[in-house]
Amino acid sequence: MKTVAHIKQESQPSTFPNYFYITIIQSFLHLHRLRSPTLSSGQHSSLMSELDIQIPTAFDPFAEANAENSGAGSKEYVHIRIQQRNGRKSLTTVQGLKKEFSYNKILKDLKKEFCCNGTVVQDPELGKVIQLQGDQRKNVSTFLVQAGIVKKEHIKIHGF
């Protein structure tokens, strides 16, 4: 007598993704055979090599960030992020500016322009990071472009 657990084990393959891709490949080959029924075994193996089907692997969205050369200023992107503090309070961070710029002078102009407080923080992984009070992502982006510090295509704005 079979139990419900036995029926579920028989009806579902143990590795779903691999079984799924193998089934797709088999059905594709079956359709291709129907179109050209005179395939010899040599042509069948050459067909498989022509397909070059790659089964997708797990995608790591943080692989780029974990790369060895992903320090501050790598790939010349300036990252503008928002961090939620408590309640309605938030913090805007700017990282990736070139080291040749004076962070304190940029911070002074940003604070004066947007009427907010801010500081420059030295992070061991990211280098110097500018922190501003409030959600200033769009303001900082337009300021950096208008001041000629960064081109618009080199700015990445993160956050909700």
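Residues numbered from 1 in each chain as written. Predicted model: local features only at pLDDT ≥ 70, side-chain atom pairs only at ≥ 80, totals over all residues. Heavy atoms only, no water.

Caption draft 1: Quick peek at the pattern of salt bridges. Scanning all chains against the criterion turns up one salt bridge. Between Asp-135 and Arg-137 there is a salt bridge whose closest N-O contact spans 2.9 Å. Note on Asp-135: relative accessible area 41%, which makes it partly exposed. (Salt bridge = Lys/Arg side-chain N within 4 Å of Asp/Glu carboxyl O. Buried < 20%, exposed > 50% of the residue type's maximum accessible area, 1.4 Å probe, protein only.)

Caption draft 2: Main features of helix H4 (residues 103–114). With 12 residues, H4 extends 16 Å from end C-alpha to end C-alpha; this agrees with the ideal 16 Å at 1.5 Å per step. Buried positions along H4 lie against strand S3 (118–123), strand S4 (127–133) and helix H5 (137–146). Cys-115 lies just past H4 and shows a positive phi near 50 degrees. (Helix = DSSP H or I, 4+ residues; strand = E, 2+ residues; numbered from the N terminus. Expected span 1.5 Å × (residues − 1). Contact = heavy atoms within 4.5 Å.)

Caption draft 3: Region of interest: the pairing of strand S2 (residues 90–95). With six of its six residues buried, S2 lies for the most part within the structure. Burial of the side chains of S2 extends over both faces: Ser-90, Thr-92 and Val-94 are buried on one face and Leu-91, Thr-93 and Gln-95 on the other. With six bridges connecting them, strand S1 (residues 78–84) and S2 associate as antiparallel partners. Across the sheet, the residue bridging to Ile-82 is Thr-92, located in S2. Once S1 ends, the chain turns through five residues before running back antiparallel as S2, passing Gly-87 with a positive phi of about 65 degrees. (Pairing = 2+ DSSP bridges.)

Caption draft 4: Focus on H5. Among the residues of H5, those classed as buried are Arg-137, Val-140, Ser-141, Phe-143 and Leu-144. In a view along the axis of H5, the buried residues occupy a sector of 165 degrees, so they form one face of it. Exposed residues on H5 whose side chains face more than 90 degrees from its buried face are Lys-138 and Gln-146. Phi turns positive one or two residues past the end of H5, at Gly-148, with a value near 80 degrees. (Arc of directions from axis to C-beta.)

Caption draft 5: Here's a closer look at the sheet that holds strand S5 (residues 155–157). In space, the five strands of this open sheet follow the order S3-S4-S2-S1-S5, with mixed pairing throughout. Each edge of the open sheet is held by one strand with a lone partner, namely S3 and S5. Mean inter-strand twist for the sheet, computed between neighbouring axes without regard to direction, equals 25 degrees. Contacts between H4 and the sheet are confined to S3 and S4, with S4 contributing the most and set at about 10 degrees to the helix. Its contacts with the sheet place H5 against S1, S2, S4 and S5, and it is angled at close to 160 degrees to S1. (Axes fitted to C-alpha atoms, helices over the stretch in contact; angles between N-to-C directions.)

Caption draft 6: Quick look at the state of the cysteines. Taken as a whole and judged by the stated rule, the model has zero disulfides. As a non-bridged cysteine, Cys-116 has Cys-115 as the owner of its nearest cysteine sulfur, 7.8 Å distant. A residue is classified by how much of its surface remains accessible, and Cys-116, at 14% relative accessible area, is buried. (Disulfide = S-S within 2.5 Å.)

Caption draft 7: Layout of the packing of aromatic side chains. Using the criterion set out here, one finds one aromatic pair in the structure. Ring geometry for Phe-114 against Phe-143: centres 6.1 Å apart, planes inclined by 75 degrees, an arrangement best described as edge-to-face. Of this pair, Phe-114 sits in helix H4 while Phe-143 sits in helix H5, placing them 29 residues apart in sequence. Each member of the pair, Phe-114 together with Phe-143, is buried. When the ring centre of Tyr-77 is taken as origin, the NZ or CZ atom of Lys-156, which lies over that ring, is 4.3 Å away. (Phe/Tyr/Trp six-rings, centres within 6.5 Å; stacked < 30°, edge-to-face > 60°. Lys NZ or Arg CZ within 6 Å of the ring centre and 35° of its normal.)

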